[in-house]
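Breakdown of the fold
Residues per chain are reported as follows:
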Amino acid sequence: MGKRTRWWPVLSALLAVSLPVAGQPEAGGAGEREKVLFDCDIGSDIDDAYAMALLLASPEIELVGVTVGHARTADRAFLALRMLWETGLDHIPVHVGRETPLVTLRDGTPHEQFSEAPYNRQFHWGRGFDEVQPRAQPAAEFIVETLAAHPGEITLLTVGPVTNIGDALEIDPNVLKNAKRVVSMYGSIRSGYDGGDAQREWNVLADAASSKRFDAAVQAGGTNVVYIPLDVTDHVRLDADRRLHLHMRGTPLTDAVTSLYSLWRNEERNQTTPRLFDAVAVGYILWPDLFGVEHGRVTVDERSMTLFEPGAEPTSTVALEIDAAGFIERMVLRFLEQNLRR
């Protein structure tokens, strides 16, 4: 059996301690901030927006860059740019990946049913925004150069289809070895959507060819990978009372996530309560004590299923349990206690 670790927080003690002011180092803190490069597909589901907001609201994090990938990448970029500008953090660079179909197959060809990616509702929030522009360097090149310039220092956080990661591996097959670790919202190990059996998870399926390259790089060894699968993400949801609480706070950051939520909300598809898939991946970086993990080998099969062999090599870390209530409380407090603004 794979090694198993499990920690459950004493929330009352933790919540009794005041959090530091968002965006500022902790008073008297001696530790260095965690450098994070954030690769996302903001603008499809709403969880990317909550994830990015949590990164910005957390003083432990130094966000070194944002890369956007999959489908309508230019439209995604302006959502990230506007959130950074509204919070006074527009010095953080945003790099754009190549546009793709909504779903690609393992050989890289478009899935004929999804060859045209839709203009998502959230894109309206970034439409016409021109206060700051994305950087000219393509996302994959930025990932390769940034990790190479700071080997072993930067956590690569991936929360979308791994198109940019696959493209970076095409440039440098060893790029992931330069990361301190790769934390990836990716896969379905023992449970899937809505608590059902394990199934094909979107980030693995949506660009299967890039997932195949990512998997090959992991199997080659030498990369520290942490998988945050559906097992610990699908059931973590932001209820209406907390959404109202954030709306009432009225800071640029909470206004941003509230506006994006209002565009994402679609009653016809029963999308009213956000599932916080990607924000949970940020939560692992911030609060690993909330998670129970196992160690072993993760592979991707020809059906885009993620398979886990506990204790096998090459060894990765897989999060399989979470204190969901504890995560929600900590995330909401971060949003409420920050004062990010221009």
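Residues numbered from 1 in each chain as written. Predicted model: local features only at pLDDT ≥ 70, side-chain atom pairs only at ≥ 80, totals over all residues. Heavy atoms only, no water.

1. Thoughts on the overall build of the protein chain
Tallying secondary structure elements over the protein chain gives 11 helices and 10 strands in all. Radius of gyration (C-alpha) of the protein chain: 19 Å, near the 20 Å computed for a compact globule of 342 residues. Principal-axis analysis of the C-alpha atoms places the extent of the protein chain at approximately 45 × 45 × 45 Å. For the protein chain, the residues scored as buried account for 56% of the 342 residues in total. Here the contacts in the protein chain between residues at least 6 apart in sequence split such that 81% fall between residues at least 24 apart. (Helix = DSSP H or I, 4+ residues; strand = E, 2+ residues; numbered from the N terminus. Rg over C-alpha atoms; globule rule 2.2 N^0.38 Å. Buried < 20%, exposed > 50% of the residue type's maximum accessible area, 1.4 Å probe, protein only. Contact = heavy atoms within 4.5 Å.)

2. With respect to the packing of aromatic side chains
A full pass over the atoms with the stated rule returns eight aromatic pairs. Between Tyr 193 and Phe 277 the ring centres are 6.2 Å apart and the planes differ by 75°, which places this aromatic pair in the edge-to-face class. Residue Tyr 193 is found in the loop between β6 (181-185) and α6 (202-205), and its partner Phe 277 is found in helix α10 (residues 277-286); the two are separated by 84 residues along the sequence. Under the relative-accessibility criterion, Tyr 193 is labelled partly exposed at 24%. Considering the side-chain rings of Tyr 261 and Trp 264, the 5.7 Å spacing of their centres and the 45° angle between planes classify their relative orientation as tilted. On the criterion of helical spacing, the pair formed by Tyr 261 and Trp 264 is a turn pair, its members being three residues apart in helix α9 (residues 252-264). You can call Tyr 261 buried: its relative accessible area is 10%. What links up through ring pairs into an aromatic cluster is the set Tyr 186, Phe 214 and Tyr 227. (Phe/Tyr/Trp six-rings, centres within 6.5 Å; stacked < 30°, edge-to-face > 60°.)

3. As for the pairing of strand β3 (residues 61-68)
Of all the eight residues making up β3, seven are buried; the element is thus mostly covered by neighbouring parts of the structure. In the classification by handedness, the crossover that spans strand β2 (residues 34-40), the intervening helix α2 (residues 47-57) and the parallel β3 is right-handed. Handedness of the crossover is the feature at issue here: the chain leaves β3, passes through helix α3 (residues 73-86), returns alongside strand β4 (residues 94-96), and the resulting connection is right-handed. (Right-handed = clockwise from strand over helix to strand, strands pointing away.)

4. Here's the deal with the nonpolar core
Counting 72 residues, the largest nonpolar core has Phe 38, Leu 56, Val 66, Met 83, Leu 157, Leu 276 and Phe 327 as the members making the most contacts within it. Considering each element in turn, this core owes the most residues, nine residues, to α2. Setting aside its immediate chain neighbours within four residues, Val 66 contacts Phe 38, Cys 40, Met 52, Ala 80, Ile 92, Pro 93, Val 94 and His 95. Counting 30 residues, the second largest nonpolar core, distinct from the first, contains Ala 140, Phe 142, Leu 176 and Ala 217. (Core = buried A, V, L, I, M, F, W, Y, C linked by side-chain atoms within 4.5 Å.)

5. Notes on the pairing of β2
When you tally the buried positions in β2, you get six out of seven residues, the bulk of the element. Relative to strand β5 (residues 154-158), β2 runs parallel, the two being bridged by five bridges. Of the residues in β5, the one forming a bridge with Phe 38 is Leu 157. (Pairing = 2+ DSSP bridges.)

6. As for the side chain of Thr 317
Mapped onto the elements of the fold, Thr 317 is located in strand β10 (residues 316-322). For Thr 317, a relative accessible area of 12% corresponds to the buried category. Only 3.2 Å separates the side chain of Thr 317 from the side chain of His 295, close enough to count as a polar contact. Excluding residues that lie within four positions of it along the chain, Thr 317 makes contacts with Val 225, Val 226, Tyr 227, Tyr 284, Val 293, Glu 294 and His 295. (Polar contact = N/O pair within 3.5 Å; in protein donor to acceptor, adjacent residues only side chain to side chain.)

7. Description of the side chain of Asp 48
Checked against the element boundaries, Asp 48 lands in helix α2. No salt bridge is formed by the buried Asp 48; its nearest oppositely charged neighbour, Arg 76, is found at 6.6 Å. Here Asp 41 takes part through its backbone nitrogen, which lies 3.2 Å from a polar atom of the side chain of Asp 48. (Lys, Arg positive; Asp, Glu negative; His and termini not counted. Salt bridge = Lys/Arg side-chain N within 4 Å of Asp/Glu carboxyl O.)

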